[in-house]
Structures are given as structure tokens and as C-alpha cells.
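Residues per chain, in single letters:
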Amino acid sequence: MSAILPARAEGLTVRRRGRTLVGPVDLDISAEGLTILMGPNGAGKTTLLRALHGLERLAAGRVLWGMPLRAARAAQAFVFQTPVLLRRSVIDNIAYPLRLQGVGRAEARARAAEWAGRVGLAQALERPAEVLSGGERQKMALARALIRSPQILFLDEPTANLDGRSMREIEAILREARAAGTRIFMATHNIGQARRLASEVVFLYRGRVHEAATAEAFFDAPATPEAAAFIRGDIVE
Amino acid sequence: MWEIWQGIIAAARLLVTLDADLVEITLRSLQVTLTAVAIGSAIALPLGAWLAVQRFRWRRAVIATLNALMGLPPVVVGLVVYLLLSRSGPFGALGLIFTPTAMIIAQVIIVVPLIASIAHQAIRELWSDYHDLLLSLGASKRQRIATLIWDARRALLTAGLAGFGRAIGEVGAIMIVGGNIDHATRVLTTAIALETSKGDFALALGLGFVLIGLALLVNYAIHALSRTEREGRW
Ligand SMILES: Nc1ncnc2c1ncn2[C@@H]1O[C@H](COP(=O)(O)OP(=O)(O)OP(=O)(O)O)[C@@H](O)[C@H]1O
Ligand SMILES: [Mg+2]
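Residues numbered from 1 in each chain as written. Chains lettered and ligands numbered in written order. Predicted model: local features only at pLDDT ≥ 70, side-chain atom pairs only at ≥ 80, totals over all residues. Heavy atoms only, no water.

- In the annotation of an unreviewed UniProt entry, the entry for chain B reads Tungstate transport system permease protein, and the organism field reads Meinhardsimonia xiamenensis.
- Under Sequence similarities (unreviewed entry), UniProt gives the following word-for-word description of chain B: "Belongs to the binding-protein-dependent transport system permease family."
- The record in UniProt for chain B states the following under Subcellular location (unreviewed entry): "Cell membrane". (UniProt positions renumbered as here; feature names shortened; annotations may be inferred.)

- Named according to an unreviewed UniProt entry, chain A is Tungstate transport system ATP-binding protein originating from Meinhardsimonia xiamenensis.

Here it is, written out as C-alpha cells:
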């Protein structure tokens, strides 16, 4: 398996209706680790994640992966801020990415059942996805994202609105994925979570990378007053 | 008044005894309409899905046209199909005029805009839910359409039933292209029209009961389907 990492974003810019939402952003994504993307509401975290993943039309710049774009897309996965529920059972939701790749129904479902077990949804296999609770939906989305063993996984606030226990469970799954070699790039508002998980932090402010550092450096000695205020929990204008 | 009561009693007798003419006409109606709805769905469902998924320059115009075609007067469809299939028409050599095939062609033209339009609405909604995920997973255009059609299948079944409801009760077009020939192209609606004008209310009413029964059945089915859909039982 050739590697899509390290990767690099150069001059990445997203504009809508003449307004620049993100960029220009230059960013290196190293081969390993877990990057936490932080920043105030509206800073452009969601937009940046989507742009990196290739879901946004770029006004300028590009993302360079370690392999051709088509193959690189297949080696990525994305967990959306609000999980997308296919109108199918949980197991068929999780199996769906494999089905798209041409894996047979029986095998795809067997592997999906295994993943459902790993995220704690073994009891919910045949339930329609729509009846799942918020935390269960996130876990299902996570299993669906991980089933193709992506080389990099983007997550957009996967634990927003979840209670502490669900949050810990999802963090445990992410740690496992990371240990299994998946690069993780994730937006969160939860500073405790960022401290627990991050190896690197990217602080986004007004659509630009305001600060990018190792987690230790970022939390111990933020280089910008905005990041410092953000970590303290102050309002960043 | 007495005549009508007599008619109703005679109609009931025809139904209970499974009168041969009545059964034959009913079966032909079902055969023509079910074939037309099957062919129409095979065209309209992918068309509706494609219109929801594909962005192209004339998309809005096509959708507007489709919606306008829903209101197409069947008689006009019948006239156009007649002109195309009649002996002196461009497809006259096929010898299709006054055959069940001609009736099926006319009904397909009538139901495709209706089914496609309902399908398009349902799938467009689903597509806005699924869009990001399917793009993220790299689903091909074919896979997107297949996924949407499968996951919207209840709504699409409803669309097919609506098409059936429209086609089974339609008289203008099939009268023109079928000709209402006994034992060949006579169906429920054309037979009712004929028997009524002849004053034979027994058969007309008997056929009418069958037609009403079918229409009710279809509407119950649509109702049941949309209810299970709302309740989120897929
Ligand atoms: N399609 C769009 N058209 C116009 N503006 C948009 C569009 N999408 C996002 N925006 C704007 O871009 C800015 C960045 O949005 P984005 O969702 O990326 O922020 P965020 O950092 O993820 O915020 P949050 O923490 O609230 O999730 C916001 O001001 C938003 O209103
Ligand atoms: Mg966001």
C-alpha cells in the first residue's frame, strides 16, 4: 500500500459569494499523529476540513497527497458534524462503503458486524439508523468511516452534544484507530479532549492558520494572544 | 330509477358469477396498464433520479417541462400516438394501431411525466441528505443513482401506484389508439363508455365496480406506504 502521507496544502482558499471563508492556508500533514483543529465558531474549521477532503471547490491553492488524487480520495474518510444516516439498518450503513468498492453483501455485512461490535453497536445491527441516539449515530458514522481502513480520517466535532461517557468511548475508538496506523485530523471545541488526544494543534482564526504547533507547545506556551485566550476559555473576537 | 336498480342487480350478478366478458376485459385492462406502468417506471425512475443528481444547463427547463407534461390531456396523447402509428403514419408499417401495444405506448407517455416528477421530488430530498457522504465515499454516478433509488423505494413505489391509478382510469387516449375492439382492445374504461352509450347499464356498472375497487385498492396502498414511511419503518 503506497502512502498518501505526508501531505501538504498550498495556498488553500475557499470563497463563497465573494467572501473568503478560509485561506490562504498552508499546512503540512505529517505521516503520523493526531491533529486537533481548534478555533472559535465560524473560524472556518468545517470548511477547511471539507476542503482538505476535497468536498469544497477551491478558489485557489491545492492539496498535494502522496499519491494521485483519485487514489488519495479512496484512502480518506470523513465523519461529518451531523452524521449522515442512510435509510437502512445500522449494519447496512456500516457495510455501505465496502459495498461501493464491490465487496460482496455477505462479506461486507460480516465485516460491518465486526466493526459494529468494536464501537459498541453489536445490539443494534438490524435497527434502522434513524432510531439511534445521538451518541450511537456518531459511533455508527465512525465505524462506517473506519471500515475501509483509511490512511487519514477527518472528523468534524464528533463528540459535540455527547455526554462524557459517549465522548470517552469515541475517544477510545479514535485512539485504537490511531494505534492501528490511521492519521487523524479532527476539529473540536472541547479543550479537555484536545489535551487528551492531540499530538499537534492547528489553531484557526478568521479563516487562517493562526498557530500550528505540537500539542505540548501549544497548550504550555501559546504563541499568540488569541490562542492563549482561547485556551483560557475567554471569548476570542 | 328502476332501470338503474335493475342494472346494479345485474352488475352484481355478473361480478359474483365471474362473467366471462367482464373477466376478460378486466384482465386486459390490468395487462395493458401494468405493462405500461412497468415500462414507464423503468424509464421514469432513473430519469427522476438522474434529474436530481445531475447538474446541467437545461435541468430546470427539463424539470419544468416534465411538470407541465403531467397535465398533458390524454386525448391529445392519443391523437399524437394515433398519427404516428396509423397506417399512413411514420410507424404505420409496424401495424401497431388498434392493438394493445399501441395502448401501452400511449399510457407510457401519459405516466412517465407523472412518475418521473414524483420520483424526482422524493429523490431530490434524499440526495440533499446523502450528498456529502456519497461524495466523500467516492460513489460513482451510477452508484449514487442506484443508492438513491433503493433507499427511496417506498416513495418510488408510491409514484408507480400513482401512475397506475392514472392509467387504469384513463379513457381518451386508449379509445383513440386502441379502437375499443371487442376481444382485442376493449378495456374497462372503453367498455364502460360503450355500454353506457348503448344503454346496457348492467355490464357498464359491473365494470365500473371493478374499476372503483382497483382505484380504492391503489389508494389504500399509497396511504399505507406513506404512513410506514413517515413512521420511519423502512
Ligand atoms: N456555503 C456557504 N456560503 C456562505 N458562507 C458560508 C458557507 N459555508 C460556510 N459559510 C461561512 O463560513 C464561515 C466558516 O464556517 P465554518 O462552518 O467552516 O466554521 P466552523 O469553524 O466550522 O464553525 P463552528 O465552530 O461553528 O462549527 C462561517 O462564517 C459561515 O457562515
Ligand atoms: Mg463547524
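## What about the UniProt feature "transmembrane region" (unreviewed entry) in chain B?
Part 1 of the reasoning: Here the UniProt-annotated "transmembrane region" (unreviewed entry) positions come out as residues 30-53, 65-85, 91-116, 155-181 and 201-222 of chain B.
Part 2 of the reasoning: Helix makes up 100% of residues 30-53 of chain B and strand 0%, and the two end C-alpha atoms of the span are 33 Å apart. (Helix = DSSP H or I, 4+ residues; strand = E, 2+ residues; numbered from the N terminus.)

## So, the site of ligand 1
Residues and elements named next belong to chain A.
Part 1 of the reasoning: If you check the shell around ligand 1, you find 14 residues, and the closest are Asn-41, Lys-45, Thr-46, Thr-47 and His-189.
Part 2 of the reasoning: Note that an oxygen atom of ligand 1 is positioned 2.5 Å from one of the side-chain N or O atoms of Thr-47.
Part 3 of the reasoning: One of the side-chain N or O atoms of Glu-157 is found 3.3 Å from an oxygen atom in ligand 1.
Part 4 of the reasoning: Coverage of ligand 1 by the protein chains reaches 66% of its 640 Å² of free accessible surface.
Part 5 of the reasoning: With 3 residues, helix H1 (residues 45-53) is the largest single contributor of residues to the shell around ligand 1.
Part 6 of the reasoning: Split by residue class, the shell around ligand 1 holds 3 nonpolar, 7 polar and 4 charged. (Near = heavy atom within 4 Å. Polar contact = N/O pair within 3.5 Å; in protein donor to acceptor, adjacent residues only side chain to side chain. Areas by Shrake-Rupley, 256 points an atom, 1.4 Å probe, with all protein chains shown as cover. Nonpolar A, V, L, I, M, F, W, Y, C, P; charged D, E, K, R; others polar.)

## What to know about the UniProt feature "domain: ABC transmembrane type-1" (unreviewed entry) in chain B
Part 1 of the reasoning: Here, UniProt's "domain: ABC transmembrane type-1" (unreviewed entry) annotation points to residues 26-222 of chain B.
Part 2 of the reasoning: What you have in residues 26-222 of chain B is 79% helix and 0% strand, and the ends, taken at the C-alpha atoms, are 21 Å apart.

## Some thoughts on the packing of aromatic side chains
Residue and element names in this part refer to chain A.
Part 1 of the reasoning: Under the defined criterion, the tally for this structure stands at 10 aromatic pairs over all chains.
Part 2 of the reasoning: Each ring, one from Phe-154 and one from Phe-185, has its centre 5.9 Å from the other, and the planes form 55°; the classification is tilted. Note that Phe-154 is positioned in strand S6 (residues 152-156) and Phe-185 in strand S7 (residues 183-187), a separation of 31 residues in sequence.
Part 3 of the reasoning: Measuring from centroid to centroid gives 6.5 Å for Phe-203 and Tyr-205, while their planes differ by 15°, and the two rings are stacked. (Phe/Tyr/Trp six-rings, centres within 6.5 Å; stacked < 30°, edge-to-face > 60°.)

## Focus on a nonpolar patch on the surface
Residue and element names in this part refer to chain B.
Part 1 of the reasoning: Nonpolar side chains collect at one region of the surface, where Val-75, Val-76, Leu-79, Val-80, Tyr-82, Leu-83, Leu-84, Phe-91, Leu-94, Phe-98 and Ile-181 lie side by side and expose about 930 Å² of accessible area between them.
Part 2 of the reasoning: Along the chain, Phe-98 turns up in the loop between helix H4 (74-85) and helix H5 (100-136).
Part 3 of the reasoning: Overall, Phe-98 belongs to the partly exposed group, its relative accessible area being 34%. (Patch = residues over 30% accessible without salt bridge, like charges linked within 9 Å, V, L, I, M, F, W, Y side chains within 5 Å. Salt bridge = Lys/Arg side-chain N within 4 Å of Asp/Glu carboxyl O. Buried < 20%, exposed > 50% of the residue type's maximum accessible area, 1.4 Å probe, protein only.)

## Quick notes on the sheet that holds strand S4 (residues 60-64) of chain A
Residues and elements named next belong to chain A.
Part 1 of the reasoning: Read across the open sheet, the 3 strands follow the order S2-S1-S4; overall the sheet is antiparallel. A strand with exactly one partner marks an edge of an open sheet, and here the two such strands are strand S2 (19-29) and S4. With strand direction ignored, the average angle separating the axes of adjacent strands in the sheet is 20°.
Part 2 of the reasoning: Against the sheet, H1 makes contact with strand S1 (7-16), S2 and S4, and its axis sits at roughly 120° relative to S1, the strand it touches most. (Pairing = 2+ DSSP bridges. Axes fitted to C-alpha atoms, helices over the stretch in contact; angles between N-to-C directions. Contact = heavy atoms within 4.5 Å.)

## With respect to the nonpolar core
Part 1 of the reasoning: The biggest cluster of nonpolar side chains holds 78 residues, and the ones touching the most others in it are Leu-52, Trp-65 and Phe-185 of chain A.
Part 2 of the reasoning: In terms of residues, this core owes the most to one element, H5 of chain B, which gives 17 residues.
Part 3 of the reasoning: Not counting the four nearest positions on each side in its chain, Leu-52 of chain A is found in contact with Ala-9, Leu-12, Leu-27, Val-63, Trp-65, Gln-76, Phe-154 and Phe-185 of chain A.
Part 4 of the reasoning: Core analysis: the next-biggest nonpolar cluster, separate from the first, contains 53 residues, Ala-112, Val-119, Ile-170 and Phe-219 of chain A among them. (Core = buried A, V, L, I, M, F, W, Y, C linked by side-chain atoms within 4.5 Å.)

## Re helix H7 (residues 153-168) of chain B
Since the α-helix advances by 3.6 residues per turn, residues separated by three or four positions end up pointing in the same direction.
Part 1 of the reasoning: In this model, H7 of chain B (16 residues) spans 22 Å end to end at C-alpha, consistent with the 22 Å of a helix rising 1.5 Å per residue.
Part 2 of the reasoning: Among all positions in H7 of chain B, only Ala-155, Leu-156, Thr-158, Ala-159, Gly-160, Leu-161, Gly-163, Phe-164, Ala-167 and Ile-168 of chain B are buried. (Expected span 1.5 Å × (residues − 1).)

## Thoughts on the confidence of the model for chain A
Part 1 of the reasoning: Averaged over all residues, the pLDDT of chain A equals 91, while 99% of them reach at least 70.
Part 2 of the reasoning: Ranking the elements of chain A by mean pLDDT puts helix H2 (residues 69-74) of chain A last, at 85, and helix H3 (residues 90-100) of chain A first, at 96. (pLDDT = per-residue confidence, 0-100.)

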